[in-house]
Amino acid sequence: MGLAISGGSASGIVLPLIISSILPKIGFQKMTLAVSVVLLPFEIAAVVLMKTPALSAKRRQSLRADGWKAMPSLRLLLDLQPFLMALGLLFGELGMFIPMTYVTSYALKQDMSLSIAYYLITSMSCGSLLGRCMAGFIGDHIGWFNTQIIIFGLSTTSILGIWLPAEANPNFLWLFVILFGFCSGSSISLAPVCMSRLCKTENYGKVSGTLFAFSSIGWSASSATKCIVQAIDNPCWTIVWPSFAMLDKFEDSSGWVELENKTLSS
């Protein structure tokens with residue numbers, strides 16, 4: 001899974017470098033067009049190379065008849081395990097995407113140059129690429145939920161132990177973005193695998209769709225914090241502490257899911 005989604009981190013390494021070099025020269029509109037041209041061949045290759053598994057006519061007819069059953073449904077959240085997983089994902093997305101969204105703005109607030117602020121995103125993507133590739137191997141040995149809990153514990157520690165002191169020493173910010181990038185990439189690659197532990201294979205699409213739809217609230221809410229960041233002239237309190245609180249709640253929720261799994265298996 002990690003290798004399959006590592007392309008997102010690779011683009012996160014390359015695109016900030018492209019944007020930072022051409023944006024001052026050609027402007028935002030032409031820069032967006034240039035990035036689209038760069039991405040278009042990869043999108044076409046993905047569509048052409050993607051193959052669906054061969055299915056018998058009977059199986060295709062069965063899937064067509066039961067297709068509505070695979071639609072996401074909030075009724076899944078009435079069960080304890082999917083609800084706790086969805087809650088953990090929601091808090092995890094809130095905690096993860098606040099730093100990923102505002103680390104550049106935070107760097108500019110600390111009087112770093114615009115080019116260096118873009119390099120922070122590249123450094124975070126480098127850590128994310130390593131995390132996406134390694135998390136699955138670690139999870140196969142110690143458990144996927146256990147790995148998630150360790151990763152988010154490390155994320156929480158990096159926020160309080162590295163990013164918080166970075167207000168006084170901006171050099172700490174480089175260490176933070178690499179470590180946090182590793183943790184965020186690991187969590188992204190492991191989330192679908194953890195979902196697979198909550199359902200049968202034939203129900204995976206329905207479960208993953210429902211849980212990701214619920215957790216997308218965290219994506220939206222983390223982006224909507226822009227008005228709060230602009231209103232309060234203290235990036236420490238408006239970014240660092242909310243990230244810590246959300247990641248701490250993710251650990252609690254994931255721990256309960258893991259405990260529930262052990263209880264059911266026993």
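What you see is a predicted model, and the numbers here were worked out from it, not measured in a lab.

Conventions we followed
- Residues numbered from 1 in each chain as written.
- Predicted model: local features only at pLDDT ≥ 70, side-chain atom pairs only at ≥ 80, totals over all residues.
- Heavy atoms only, no water.
- Helix = DSSP H or I, 4+ residues; strand = E, 2+ residues; numbered from the N terminus.
- Buried < 20%, exposed > 50% of the residue type's maximum accessible area, 1.4 Å probe, protein only.
- Contact = heavy atoms within 4.5 Å.
- Areas by Shrake-Rupley, 256 points an atom, 1.4 Å probe, with all protein chains shown as cover.
- Phe/Tyr/Trp six-rings, centres within 6.5 Å; stacked < 30°, edge-to-face > 60°.
- UniProt positions renumbered as here; feature names shortened; annotations may be inferred.
- Axes fitted to C-alpha atoms, helices over the stretch in contact; angles between N-to-C directions.
- Parallel < 35°, antiparallel > 145°, perpendicular 65-115°, else oblique.
- Left-handed = near helix turned anticlockwise from the far one by under 90°.
- Expected span 1.5 Å × (residues − 1).
- Bend = angle between axes of the 7 residues up to and from the residue.
- Core = buried A, V, L, I, M, F, W, Y, C linked by side-chain atoms within 4.5 Å.
- Patch = residues over 30% accessible without salt bridge, like charges linked within 9 Å, V, L, I, M, F, W, Y side chains within 5 Å.
- Salt bridge = Lys/Arg side-chain N within 4 Å of Asp/Glu carboxyl O.
- Polar contact = N/O pair within 3.5 Å; in protein donor to acceptor, adjacent residues only side chain to side chain.

1. A look at the overall build of the protein
So, point 1. For the protein, the helix and strand inventory stands at 9 helices and 0 strands.
So, point 2. Moving toward the C terminus, one meets the helices and strands of the protein in the order α-α-α-α-α-α-α-α-α.
So, point 3. Within the protein, buried positions represent 40% of all 266 residues.
So, point 4. If you take every contact in the protein between residues at least 6 apart in sequence, the share linking residues at least 24 apart comes to 81%.
So, point 5. Accessible surface computed for the protein: about 14800 Å², of which carbon and sulfur atoms make up 68%.

2. Comments concerning the packing of aromatic side chains
So, point 1. Under the definition given, this model contains 3 aromatic pairs.
So, point 2. Aromatic pair Y106 and W163: ring centres 5.4 Å apart, planes at 70°, arrangement edge-to-face. Of this pair, Y106 sits in helix α3 (residues 80-109) while W163 sits in helix α5 (residues 144-163); the two residues are 57 residues apart in sequence, bridging distant segments of the chain. Of the two residues examined, Y106 and W163, each falls in the buried class.

3. As for the side chain of T210
So, point 1. With respect to the element layout, T210 can be found in helix α7 (residues 204-224).
So, point 2. Apart from residues lying up to four places away in sequence, T210 is in contact with P72, S73, L74, L76 and L77.

4. Details of the environment of A117
So, point 1. Along the chain, A117 turns up in helix α4 (residues 114-142).
So, point 2. The exposure class assigned to A117 is buried, which follows from its relative accessible area of 0%.
So, point 3. In the structure, A117 is positioned 14 residues away from V103 in sequence and 7.8 Å away in space, judged by C-alpha atoms.
So, point 4. Beyond its immediate stretch of four places on either side in the chain, A117 contacts T104, A107 and L108.

5. Focus on the UniProt feature "transmembrane region" (unreviewed entry) in the protein
So, point 1. As annotated by UniProt and renumbered to match this structure, "transmembrane region" (unreviewed entry) occupies residues 30-50, 83-104, 116-137, 149-166 and 172-194.
So, point 2. Here residues 83-104 runs as 100% helix and 0% strand, with 33 Å between its end C-alpha atoms.
So, point 3. Helix makes up 100% of residues 172-194 and strand 0%, whereas the separation of the span's terminal C-alpha atoms amounts to 32 Å.

6. Topic: the packing of α4 against α5
So, point 1. Where α4 meets α5, the closest approach of the two axes is 7 Å, and the angle between their N-to-C directions is 120°. Between α4 and α5, the crossing angle belongs to the class labelled oblique. For the crossing formed where α4 meets α5, the hand is right-handed. Contacts between α4 and α5 involve A135, G136, I138, G139, D140 and I142 from the first element and W144, N146, T147 and I150 from the second.

7. A closer look at α3
Each α-helix turn comprises 3.6 residues. Residues three or four places apart therefore point the same way.
So, point 1. Between its first and last C-alpha, α3 extends 42 Å over 30 residues, near the 44 Å set by a 1.5 Å rise per residue.
So, point 2. The largest bend along α3 measures about 50° and falls at Y102.
So, point 3. Among the 30 residues in α3, 22 count as buried, and that is most of the element.
So, point 4. In the segment just after α3, D111 is the residue with positive phi, at about 70°.

8. Regarding the nonpolar core
So, point 1. Ranked by size, the top nonpolar core spans 23 residues in total, and within it W163, L173 and F176 carry the most contacts.
So, point 2. Counting only elements with at least two residues in this core, the list comes to α3, α4, α5 and α6 (172-196).
So, point 3. Judged by nonpolar contacts, the second largest core, of 12 residues, contains M85, L89, C194 and V207.

9. Structural notes on the packing of α5 against α6
So, point 1. Relative to each other, α5 and α6 sit at 160°, their axes nearing to 9 Å. What the angle tells us is that α5 and α6 run roughly antiparallel. Of the two possible hands of crossing, α5 and α6 adopt the one that is left-handed.

10. Notes on a nonpolar patch on the surface
So, point 1. The grouping of L130, M134, I138, I142 and I150 at the surface amounts to a nonpolar patch, some 420 Å² of accessible area in total.
So, point 2. The greatest single-element share of the nonpolar patch, amounting to 4 residues, is contributed by α4.
So, point 3. Among the secondary structure elements, M134 is positioned in helix α4.
So, point 4. Accessibility expressed as a relative area gives 35% for M134, which makes it partly exposed.

11. Comments concerning the side chain of T147
So, point 1. As for its placement among the helices and strands, T147 is situated in helix α5.
So, point 2. Within the structure, the side chain of T147 is placed 2.7 Å from the backbone oxygen of G143, a separation counted as a polar contact.
So, point 3. Each residue touching T147, except ones within four places of it in the same chain, is listed here: A135, I138, G139, I142 and L190.

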